[in-house]
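Given next are the chains, with one letter for each unit.
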Amino acid sequence: MATLSGTRQATTIARHWIDGRWRDSAQHGDSIDPATGEVIGRYALAGEEEAREATAAAVRAFRESRWRHDRLLRSRVLLAMADRLDAHAADLARLVSLETGKVGAEAGFEVGLSSSGLRYYAALVQTEYGRASEGAPGQFSLLLREPVGVAGISVPWNAPVALLLRALAPALAAGCTTVVKMPGKTAQLTARLSEILGGVPGLPGGVVNIVTGEREVLSFLVTSPDVPTISFTGSTQVGRAISQAGAARLKRFGLELGGKTPMLVFDDADLAAALPKLEKAVTLFAGQFCMTGSRLLVQSGIADQVRRGLAERLARVRVGPASDPASEMGPMIDPVNVARVDQLVEEALAAGAVALVRGGPVTDGPLARGSFYRPSLLEVTDPRLPIVQREVFGPVLTLQVFQTEAEAVTLANDSDYGLAASIWTRDADRPLRVARELQVGTVWVNDWAMMRDEFEEGGYKQSGRGRLRGPAGLDDFLEHKHIVLTPGVIAGA
């Protein structure tokens with residue numbers, strides 16, 4: 001966990017990027033490597049003062065610069081950002097691994113996903129227009145889509161590059177100016193991202209402001225009258241709280257919240273293809289992913305095969321630091337989350353769950369210094385257990401057996417969450433039939449976590465509202481304005 005103290009020498013501090021300049025703070029925190037528990041740097045921690053300053057800079061840039069009026073400029077800047085991200089991809093991936101614990105392939109995937117999204121919105125901003133129509137003779141109606149103003153963007157620590165650019169790219173494409181709240185756990189990466197993105201030629205000062213802070217910053221953005229829209233990725237609990245706090249101002253929110261992804265494996269599934277993906281679904285990012293495949297629903301005819309096959313695979317997962325090329329799964333983010341996840345597993349076992357693989361904290365050897373947690377596979381029969389209903393946010397998979405397709409759908413929908421699901425079958429008719437019945441925003445068939453810049457993602461139920469990626473990703477950042485041109489008015493009559 002970060003520790004706070006007074007100011008040290010500014011040259012050692014990862015600072016904020018406000019109005020095109022570096023900005024320090026009175027309080028600082030320590031950046032921790034989750035693989036070793038060691039301090040790797042220090043950072044400035046923002047509070048209300050920095051949030052207010054960043055918001056004022058964004059308001060000035062929106063009102064006074066040509067950013068909101070010049071879509072060609074916005075497109076050029078987004079493309080330049082993508083090029084700069086690609087040029088510094090190796091360095092960014094190294095910092096992602098260092099601060100989040102992701103192994104090399106995962107960190108590289110995250111950085112690559114981010115630059116492609118910038119290019120998508122750079123193209124979309126040049127093709128997304130309003131519309132015009134003629135009503136009475138000579139009378140015209142114009143429908144314009146205009147930027148809403150300053151966008152507040154709150155990014156979590158688990159995929160800081162991808163989740164930042166997933167919201168920042170459409171906000172900038174729409175013509176908004178931005179205040180980004182990044183988490184303290186990835187502050188060294190944030191400073192590098194600020195340098196890369198903020199230094200793009202043609203980007204007016206104040207369009208992109210990035211601060212490292214926690215709830216005090218988010219609270220200011222949510223209640224500020226100068227920030228009409230908020231893009232938040234994080235827990236459902238915090239999402240509800242900020243929605244309530246912003247309700248008095250009728251604030252606009254785009255929320256991607258918790259998930260409890262069910263994976264439905266039918267008797268006719270290709271297990272040779274499915275098992276490696278099912279394993280990866282719970283071990284990617286050490287299970288710290290909103291779309292982690294955390295609920296495995298298996299038809300009874302192949303239940304024994306899946307139990308054996310997946311238990312063997314999860315027991316063999318090589319846990320280790322990103323610095324070891326042989327590592328297949330990195331650490332969790334910190335000891336607090338390790339203890340939280342293990343407590344949920346212990347409570348499930350006490351309530352009747354059966355451990356097919358009992359992973360848990362690594363407590364001996366060199367890995368004991370870090371926040372490593374071996375994956376667990378628990379078979380459950382009671383769907384109301386907290387381990388089935390809560391978002392674990394760790395490498396823990398529950399297994400439930402079903403008999404019929406209807407039962408599988410019922411079990412899958414028995415959750416407050418509705419972010420994503422996957423279906424595994426070789427039946428040609430089943431995928432669409434089942435997908436239509438699942439109460440989730442994304443369904444993968446014979447795959448998991450395949451995301452495309454041009455297709456929206458987002459949740460049903462308590463997994464959020466609004467959509468990210470795709471054309472709909474612009475909606476949270478745009479207003480619609482109807483202008484009626486009447487001939488007499490134009491002539492001055």
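Just so it is clear, the model here is predicted, and its values are computed rather than measured.

(A) Representation of the sheet that holds strand β6 (residues 131–134) within the structure. Across the sheet, which stays open at both edges, the 3 strands sit in the order β6-β7-β25 with antiparallel pairing between neighbours. The outermost strands of the open sheet, each flanked by one partner alone, are β6 and β25 (478–485). Between one strand axis and the next, the sheet turns through 20° on average, direction left out of account.

(B) Spatial organisation of the packing of aromatic side chains. Inspection of the entire model under this criterion finds 7 aromatic pairs. For the pair Tyr120 and Tyr121, a centre-to-centre distance of 5.0 Å together with 80° between the ring planes defines the contact as edge-to-face. Judged by relative accessible area, Tyr121 falls into the buried class, the value being 3%. Ring pairs connect the aromatic residues Phe285, Phe289, Trp444 and Trp448, which therefore count as one cluster. Just above the ring of Phe62 sits the side chain of Arg68; from NZ or CZ to the centre is 4.8 Å. Across the ring face of Phe266, the terminal group of Arg430 is positioned such that the distance to the ring centre comes to 4.2 Å.

(C) Looking closely at the side chain of Thr233. By the secondary structure assignment, Thr233 is in strand β11 (residues 229–233). Thr233 gets classed as buried once you look at its relative accessible area, which sits at 11%. For Thr233, the side chain forms a polar contact with the side chain of Arg166, separated by 3.2 Å. Setting aside residues up to four positions removed in sequence, Thr233 forms contacts with Ser154, Pro156, Leu163, Arg166 and Glu256.

(D) Main features of the environment of Leu144. Counting through the fold element by element, Leu144 comes out in strand β7 (residues 140–147). Each C-alpha atom, one on Leu144 and one on Glu479, is 8.1 Å from the other, the two residues being 335 residues apart in sequence. Among all residues touching Leu144, those that are not within four sequence positions of it are Glu479, His480, Lys481 and Ile483.

(E) How the structure looks around the sheet that holds strand β4 (residues 27–32). Read across the sheet, 3 strands follow the order β1-β5-β4 without closing on themselves; strand pairing throughout is mixed. Each having just a single partner strand, β1 (13–14) and β4 make up the two edges of the open sheet. Both β4 and strand β5 (residues 39–45) contribute to a ladder of 6 bridges, which runs antiparallel. Paired with Ser31 across the two strands is Gly41, which belongs to β5.

(F) Examining the pairing of strand β8 (residues 150–154) more closely. Summarising burial for β8: 5 of the 5 residues are buried, a large majority. A two-sided burial pattern is seen for β8, the buried positions comprising Val150, Gly152 and Ser154 on one face and Ala151 and Ile153 on the other. Bridging between β8 and strand β9 (residues 177–182) involves 5 bridges; their strand directions are parallel. Within β9, the position partnered with Ser154 by the bridge is Lys181. In this fold, β8 hands off to helix α5 (residues 160–174), which returns the chain to β9; that crossover is right-handed. As paired strands, β8 and β11 are joined by 4 bridges and run parallel to one another. The residue bridging Gly152 from the neighbouring strand is Ile230, located in β11.

(G) Summary view of the nonpolar core. In this structure, Met81, Leu164, Leu278, Phe289, Leu296 and Ile387 are the most contacted members of the largest nonpolar core, which totals 110 residues. Among the elements that make up this core, the one with the highest residue count is α5 (12 residues). Sequence-distant contacts of Ile387, defined by excluding residues within four places in its chain, comprise Lys260, Leu344, Val345, Ala348, Leu378, Val380, Val392, Val396 and Thr398. Judged by nonpolar contacts, the second largest core, of 23 residues, contains Val217, Leu221, Ile242 and Leu257.

The rules behind the values
- Residues numbered from 1 in each chain as written.
- Predicted model: local features only at pLDDT ≥ 70, side-chain atom pairs only at ≥ 80, totals over all residues.
- Heavy atoms only, no water.
- Pairing = 2+ DSSP bridges.
- Helix = DSSP H or I, 4+ residues; strand = E, 2+ residues; numbered from the N terminus.
- Axes fitted to C-alpha atoms, helices over the stretch in contact; angles between N-to-C directions.
- Phe/Tyr/Trp six-rings, centres within 6.5 Å; stacked < 30°, edge-to-face > 60°.
- Buried < 20%, exposed > 50% of the residue type's maximum accessible area, 1.4 Å probe, protein only.
- Lys NZ or Arg CZ within 6 Å of the ring centre and 35° of its normal.
- Polar contact = N/O pair within 3.5 Å; in protein donor to acceptor, adjacent residues only side chain to side chain.
- Contact = heavy atoms within 4.5 Å.
- Right-handed = clockwise from strand over helix to strand, strands pointing away.
- Core = buried A, V, L, I, M, F, W, Y, C linked by side-chain atoms within 4.5 Å.

Fair warning: the whole summary comes from geometry, so function is off the table for now.
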